[in-house]
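Spelled out, the chains give:
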Amino acid sequence: MDDDDAEYMEEDFEYDSDNGSGGSDIQSRDKENMYYMAKGKKEDNPEEALKAFKEIVDSEPKEDDWDFKALKQSTKLLYLVLNRPSEALQTYKRLLTYTKAAVTRNYSEKTINGILDYVGGSKGGGTVDVDILEKFYEATRSALKEAKNERLSVKTNLKLAKLWLDRGEYSRLKRLLAHLQASAQQGGDEDQAAKGTLLQEIYALEIQMYNETKNYKKLKEIYYASGQVTSAISHPRVVGVIKECGGKMWMREKQWQRASEDFFSSFHNYDEAGSPQRIQVLKYLVLAYLLMGSEIDPFDSQETKPYKSNPQIKAVTDLVGAYQRKEVHEAEKILRENQSTFMDDPFIASYIGDLLRALRTQYLITLIKPYTRLDMSFLAKQLNIGKPEVEEILIGLILEGKVDGRIDQVAQRLELDRHQILEKRRYQALEQWTTTLEGIHGAVVNKTAGRSGGGPEGFEFEGPRWRLE
């Protein structure tokens with residue numbers, strides 16, 4: 001017995017008990033025997049098996065559960081084994097007519113989902129022409145509409161939308177999403193939770209589409225719109241998708257803090273859903289932490305700590321350690337020796353330059369602290385980069401006020417203003433002292449002016465209690 005039959009044994013017994021008695025029961029048992037004999041020919045002689053299944057459908061009694069199973073096996077043989085999708089479509093259309101009465105609703109839904117899975121390629125079905133694929137789904141939608149099965153119809157449309165997204169069929173996807181949006185607007189107030197859940201599913205597909213097509217303006221609109229849906233009971237996978245795309249959006253705007261927050265939420269939801277995408281998003285989370293210069297170890301949280309020793313994450317944890325120790329050369333070595341971890345993902349690869357610049361910046365700040373002047377060639381050698389790149393980093397640090405100094409481009413060296421730093425601190429202290437004295441003076445004046453009696457009381461000044469030498 002294969003998986004198809006084992007999954008529906010409960011339905012088989014139900015049908016056996018309802019088949020009645022006498023000639024009809026005998027005919028049904030004959031069809032059962034024919035069915036299992038046909039299945040026995042599937043591997044060695046699929047063409048003979050196909051003929052045997054056809055005989056079952058053409059024999060009496062008509063339109064019972066064995067006909068349905070024979071059509072299901074015929075569709076599978078034609079599509080997966082004999083590679084005749086057009087003929088498979090015809091047997092599938094005939095199978096759909098049996099869903100009204102011949103089998104239970106649960107059985108028919110599982111069968112339809114199983115067929116659509118391998119037609120779409122998720123169960124070894126390969127890649128089929130999009131026109132044939134669309135015809136399978138159109139036939140399904142028509143049958144479900146006739147059966148008034150709105151719930152499965154929506155699920156089928158969402159499944160097709162995911163296929164169009166995976167295949168890059170964005171024009172088809174847009175049309176289907178518009179149809180789903182219209183479905184989400186139907187129904188009364190009592191369906192608010194279901195409508196909100198469907199809307200979040202649609203937003204998850206849309207935000208991925210706009211991310212792939214690099215339409216970042218629309219992506220941001222969908223991101224904010226998804227946050228306005230309060231009635232949804234969203235699947236963690238859906239929230240994970242939206243937050244992942246949101247994190248990437250913030251990364252493009254170099255808002256590392258907001259990106260890290262969305263990536264953490266995405267990771268948490270993917271983890272809850274058991275999605276393997278959690279590993280990739282965890283890498284994005286670490287990348288955001290490093291780029292914002294956080295001293296916090298991203299693996300200190302309760303959610304991420306179990307993944308610290310994960311083999312797929314080891315290179316990332318090593319990179320975090322090198323960053324915290326400000327070991328730029330070790331970090332470069334880790335990046336160089338783990339190309340598959342960092343460079344195979346285009347999104348991570350696009351930020352390696354920013355990451356290296358952040359590492360070199362931190363290393364450079366530490367390196368120059370003991371000196372008053374340094375040759376650019378020395379700094380370039382220490383960082384293992386060219387002098388123009390060193391100069392670019394230093395200019396940025398000087399403009400941001402993180403380094404007090406100037407670059408002598410003639411002598412090609414950095415001169416740090418240690419004397420000016422001390423003077424600046426002295427003047428800052430004097431300014432703070434003056435501000436404090438003014439505050440005390442204002443408090444005394446306000447206190448005396450507020451007393452009753454028409455004005456401030458006199459007081460004696462005995463002379464200076466300090467003198468300036």
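Residues numbered from 1 in each chain as written. Predicted model: local features only at pLDDT ≥ 70, side-chain atom pairs only at ≥ 80, totals over all residues. Heavy atoms only, no water.

Let's talk about the sheet that holds strand S1 (residues 373–375)
Thought 1: Strand order in the open sheet made by the three strands is S1-S3-S2, with antiparallel pairing throughout. Of all the strands in the sheet, the pair left with one neighbour each is S1 and strand S2 (405–408). Neighbour-to-neighbour, the strand axes of this sheet turn through a mean angle of 15°, independent of strand direction.
Thought 2: Inspection of the sheet shows S1 paired to strand S3 (residues 413–416) by three bridges, in the antiparallel sense. Counted as the bridge partner of Asp375 is Arg413 from S3. (Pairing = 2+ DSSP bridges. Helix = DSSP H or I, 4+ residues; strand = E, 2+ residues; numbered from the N terminus. Axes fitted to C-alpha atoms, helices over the stretch in contact; angles between N-to-C directions.)

Regarding the packing of helix H13 (residues 236–252) against helix H15 (residues 277–291)
Thought 1: Contact geometry of H13 with H15 gives a least axis separation of 11 Å together with a crossing angle of 25°. As judged from the angle between their axes, H13 and H15 are roughly parallel. Handedness of the H13/H15 crossing: left-handed. Residue-level inspection shows Glu244, Lys248 and Met251 of H13 in contact with H15, the latter providing Gln277, Val281, Tyr284, Leu287, Ala288 and Leu291. (Parallel < 35°, antiparallel > 145°, perpendicular 65-115°, else oblique. Left-handed = near helix turned anticlockwise from the far one by under 90°. Contact = heavy atoms within 4.5 Å.)

Examining a nonpolar patch on the surface
Thought 1: Together, Leu430, Trp433, Leu437, Ile440 and Val444 give the surface a local cluster of nonpolar side chains, amounting to about 500 Å² of exposed area.
Thought 2: With respect to the helices, strands and loops of the structure, Leu437 is situated in helix H23 (residues 418–449).
Thought 3: The partly exposed category is assigned to Leu437, whose relative accessible area is 44%. (Patch = residues over 30% accessible without salt bridge, like charges linked within 9 Å, V, L, I, M, F, W, Y side chains within 5 Å. Areas by Shrake-Rupley, 256 points an atom, 1.4 Å probe, with all protein chains shown as cover. Salt bridge = Lys/Arg side-chain N within 4 Å of Asp/Glu carboxyl O. Buried < 20%, exposed > 50% of the residue type's maximum accessible area, 1.4 Å probe, protein only.)

Regarding the packing of aromatic side chains
Thought 1: With the rule as written, the count across this model stands at 17 aromatic pairs.
Thought 2: Taken together, a centroid distance of 5.4 Å and an interplanar angle of 35° make the contact between Tyr92 and Phe136 tilted. Linking Tyr92 in helix H6 (residues 85–96) with Phe136 in helix H8 (residues 130–146), this pair joins segments that are 44 residues apart in sequence. Each member of the pair, Tyr92 as well as Phe136, carries the same accessibility label: buried.
Thought 3: Seen in terms of ring centroids, Tyr223 and Trp250 are 6.0 Å apart; in terms of plane orientation they differ by 90°. Their pairing is edge-to-face. (Phe/Tyr/Trp six-rings, centres within 6.5 Å; stacked < 30°, edge-to-face > 60°.)

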